[in-house]
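Listed here are the chains, written in short residue letters.
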Amino acid sequence: MEKKSKTTSTKKTVLRKASVKTGSPAKEQLRAEIIAKLRRHFGCELHDAGRTELFKACALVMRDHMAAELVQAQDRRDQSRQKQVHYLSLEFLMGRSFLNNAYNMGMLENLKSILSDEGISLTDMMETEPDAGLGNGGLGRLAACYLDAMASTGLAATGYSIRYEHGLFKQVIVEGQQIELPDSWLDIGDVWLLPRMEEVREIRFNGTLHESWQSGRMVPELSNYTPVLAVPYDMLIRGYDTDNVCTLRLWSARSPVELDMNLFSRGEYLKALEQHAMAEVISKILYPDDKHIEGKSLRLKQQYFFVSATVQDIVAKHKALHGTLENFADYHSIQINDTHPALVIPELMRILMDEEGYTWDDAWNIVVNTVSYTNHTVLPEALEQWPQNLFETIIPRIWDILHEINERYCAALWQRYPGDFDRISRMAIIADERVRMAYLSIAGSHKVNGVSALHSQILRDRVFADFAQYEPEKFTNVTNGIAHRRWLCQINPELTTLMQECIGDAFLKDPAAFNEFARFADDKAVRERLAAIKHGNKEKLAAYLRTTAGVQLDPDSLFDVQVKRLHEYKRQLLNVLHILHRYLCIKDNPHANWQKRTFLFGAKAFPGYQVAKQIIRLINSVANFIARDPEVSPYIKVVFMENYRVSLAERIMPAAELSEQISTAGKEASGTGNMKFMMNGALTIGTMDGANVEMYEAVGPENIFIFGLRAEEVAPVKAHYSPATIYQTSPAVRRVLDLINHGFGDGVSYRELVDSLLMGPNPDEYLLLADFADYVDTHKHVDEVYADKDTWNRMSIINIAGSGRFCADRAINDYARDIWNV
């Protein structure tokens, strides 16, 4: 380690590099621009502006600079004819944009100084910004990380999605139960959006399909359709240490008819607004419940709406620049993020054939060479299938094209596998009057990738085995990555500074440079600095939760964290079983030297997912039950943090010490939260699932806590699995489940949860009880290691050093090289 004086000097240099880059405006110029925005937009001065006005003024200044840079970037792309990447995702979980933009643009320190001169805290002002309600979980956060990486690595890239008025929902916990409230973000969040009214596209739903003879060929035409306008709003994404700017184009649904005046004049006021309302509902909310036909219909409309608008947009701009679509695949890569954008395949076919006159074979060749598909799940229920009748009614021309794709695909399979009816039936895109969107995505793409090595292998060997045998060259892997400048540098500046003092600045742009930090694992001074940084971050999280939730945390306890979407396969319930086992052990021996633990949960359950909502209620019941016990509460604290979101995760990740990644082996595609925890120095307790496998390879078995069945062991175990036998033969399991059955003094019964583990046609589907004993033993090992803080901090450094391979920059380079040919 260098001397303290050197450290201070280095830190100041780092701040200049990260926050006052070449090309960013000088402080006085930036101050003048902010004052001008305040006067022009809000009629006030800097000294009397409110927090919201200040936030918007600063955001508008940054947006102006990014817009100017975007014009220059687009000119460069047009002149060089650079191949463009189009990343389609129904989710982009962007979180807040202020800090990310200010950091990447080099304005952060000047903004902080300008506000400080007025007695204003930049941190407090940034709390004004809501999280953009454009996503739910890992799928959307990955897409956001990839946009940041594409901008930072110099790609010409555009993301496409829907401008939802409301996100999934705002979660509040009332008497232990999840309550869903509207997640409204646009009142303030739309400051980042640039409306592009001159690029509105028309989307056509329903109607009657017929054919007419035009220019020597039969052309399908749709009449009596319902038009919906797709209005684009652009969110600009600035790369780090570059003048490259990418765009996230968000489509908002509007009716071409604002008001039917004839109906209104007759006093039929609601009916006069009906068409307007039915159009705008398309972009009203993320993931409407699809347990009823209306929800299914709305989801299908959302998917076609944003796909059709996007394809029209790409094609129009390509024709304007190149004058032909013959070279379309040479200049465009369309990546579909899971199956939600799969209709890009028949929609591009429709435009190429119906509007541009291409033959089927020529159009199909362009489509397949343009489109690639990322799969994100192995769960059968998550592989989308839509009823055939919805396509026939809502998008009849797309249904015709899908039917033809299926016929031709099955004919090709027949040529390859003559007489193999079972195989062809398994691989058919349309079967049993349902459209299998994953199979459409495979058939219409030139590449199909999983998101971790294990996940990709499972896709080839099990989920899509028939397809992998038919076209093995299509299948590849790109392990997920996270935006490390956001999830390390911005949210954990003290750790970033420590790394820069040790290994320099190269890791800011080169993920491979992370490895150099491993050399300092045996440096006692570095380990002590790391421990102090972690403790400081724990204190910050404790202060935040004390202020916002009235919760008292002990920063000297081990912070054990599980934050992710609530799903049974992610096994939050297994975590609860261990907590209760720990509780019982303390009751048995209250005077033993117990390690204090704070168990932190954060998760949203989909509104219709009753089991998941019951698990949330159980966590809160257990938290209150333990808090009331004076014998155990000094050693165990359980906290459910409501409304888990990106901005909350940015506070949690730097403070976490143990990361719970405990899904049933073979069920988690990859995960990205595991990578964020690792990068911030948390150690992982987890199964050999998803990217955990590659994390294990990166750090070695001695620096990660692995337990449970391996993926290849799951099926043999399930073939003869009897959780009731485990209950009967394991006193530990029996005591925990009996405690849950007995209840926690709040009048709530959790007997159904216990019954789901022991009874029914498929008890304990996700093998909680099979892994319970090993999970408990591994937690005992965690306690032993944590007692030796020096060893723990050494392991933490090894994990940070090994996290470089999980940076989004690396992942995007893999896509560019192996899939997009950029």
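Rules and cut-offs
Residues numbered from 1 in each chain as written. Predicted model: local features only at pLDDT ≥ 70, side-chain atom pairs only at ≥ 80, totals over all residues. Heavy atoms only, no water. Helix = DSSP H or I, 4+ residues; strand = E, 2+ residues; numbered from the N terminus. Rg over C-alpha atoms; globule rule 2.2 N^0.38 Å. Buried < 20%, exposed > 50% of the residue type's maximum accessible area, 1.4 Å probe, protein only. Contact = heavy atoms within 4.5 Å. Lys, Arg positive; Asp, Glu negative; His and termini not counted. Charge placed at Lys NZ, Arg CZ, Asp CG, Glu CD. Pairing = 2+ DSSP bridges. Axes fitted to C-alpha atoms, helices over the stretch in contact; angles between N-to-C directions. Arc of directions from axis to C-beta. Salt bridge = Lys/Arg side-chain N within 4 Å of Asp/Glu carboxyl O. pLDDT = per-residue confidence, 0-100.

Trainee: Could you give an account of the overall build of the protein chain, with specific residues and numbers?
Mentor: Of the regular secondary structure elements, the protein chain holds 36 helices and 23 strands. Expected size for 822 residues packed as a compact globule is a radius of gyration near 28 Å; at 27 Å, the protein chain falls within 12% of this value. Once the C-alpha set of the protein chain is aligned to its principal axes, its extents read approximately 90 × 70 × 60 Å. Counting only residues that meet the buried cut, the protein chain has 61% of its 822 residues in that class. Sequence separation of 24 or more characterises 76% of the internal contacts of the protein chain that already satisfy a separation of 6 or more. Of the charged side chains in the protein chain, 92 are positive and 108 negative, and the gap between their average positions amounts to 4 Å.

Trainee: So what's going on with the sheet that holds strand β19 (residues 597–602)? Residues and values would help.
Mentor: Here 6 strands make up an open sheet; going across it, the order is β20-β19-β18-β21-β22-β23 and the pairing parallel. The sheet terminates laterally at β20 (636–640) and β23 (705–706), the two strands that pair on one side only. As paired elements, strand β22 (residues 683–686) and β23 share 2 bridges and run parallel to each other. Looking at β23, one finds that G686 is bridged to I706. Where helix α25 (residues 572–588) meets the sheet, its contacts fall on β18 (558–563), β19, β20 and β21 (658–661), and the angle it forms with β19 comes to roughly 155°.

Trainee: Residues and numbers for helix α20 (residues 453–463), please.
Mentor: Regarding α20, the residues found buried are H455, S456, I458, L459 and V463. Relative to the axis of α20, the buried residues are bounded by an arc of 155° and lie together on one face. Packed against the buried residues of α20 are β16 (448–450), α21 (465–470) and β17 (475–477).

Trainee: Give a detailed account of the pairing of strand β11 (residues 332–337), specifying residues and quantitative values.
Mentor: With 6 of its 6 residues buried, β11 lies for the most part within the structure. The alternating pattern of β11 places H332, I334 and I336 on one face and S333, Q335 and N337 on the opposite face, and all of these are buried. In terms of strand pairing, strand β1 (residues 84–88) meets β11 through 5 bridges, oriented parallel. Across the sheet, V85 pairs through a bridge with S333, a residue of β11. Across 4 bridges, β11 lies against strand β12 (residues 371–374) in parallel orientation.

Trainee: Tell me about the pattern of salt bridges, residues and numbers included.
Mentor: With the rule as written, the count across this model stands at 56 salt bridges. With a closest N to O distance of 3.2 Å, E199 and K317 form a salt bridge. Of the two residues, E199 is situated in the loop between β5 (193–195) and β6 (201–205) and K317 in helix α12 (residues 293–322); the sequence distance between them amounts to 118 residues. Between E501 and R529 there is a salt bridge whose closest N-O contact spans 3.2 Å. Of this pair, E501 sits in helix α23 (residues 493–503) while R529 is found in helix α24 (residues 524–549), placing the two residues 28 residues apart along the sequence. Residue R529 is classed as partly exposed on the basis of its relative accessible area of 27%. Taken together, the shared-partner salt bridges connect R196, E199, R201, D234, R249, D313 and K317 into one network.

Trainee: Can you break down the confidence of the model for the protein chain residue by residue, with the values?
Mentor: Mean pLDDT over the protein chain works out to 94, with 96% of the residues at or above the 70 mark. Scored below 50 in pLDDT, residues 1–20 shows 29 contacts in the model against residues more than four places distant or in partner chains.

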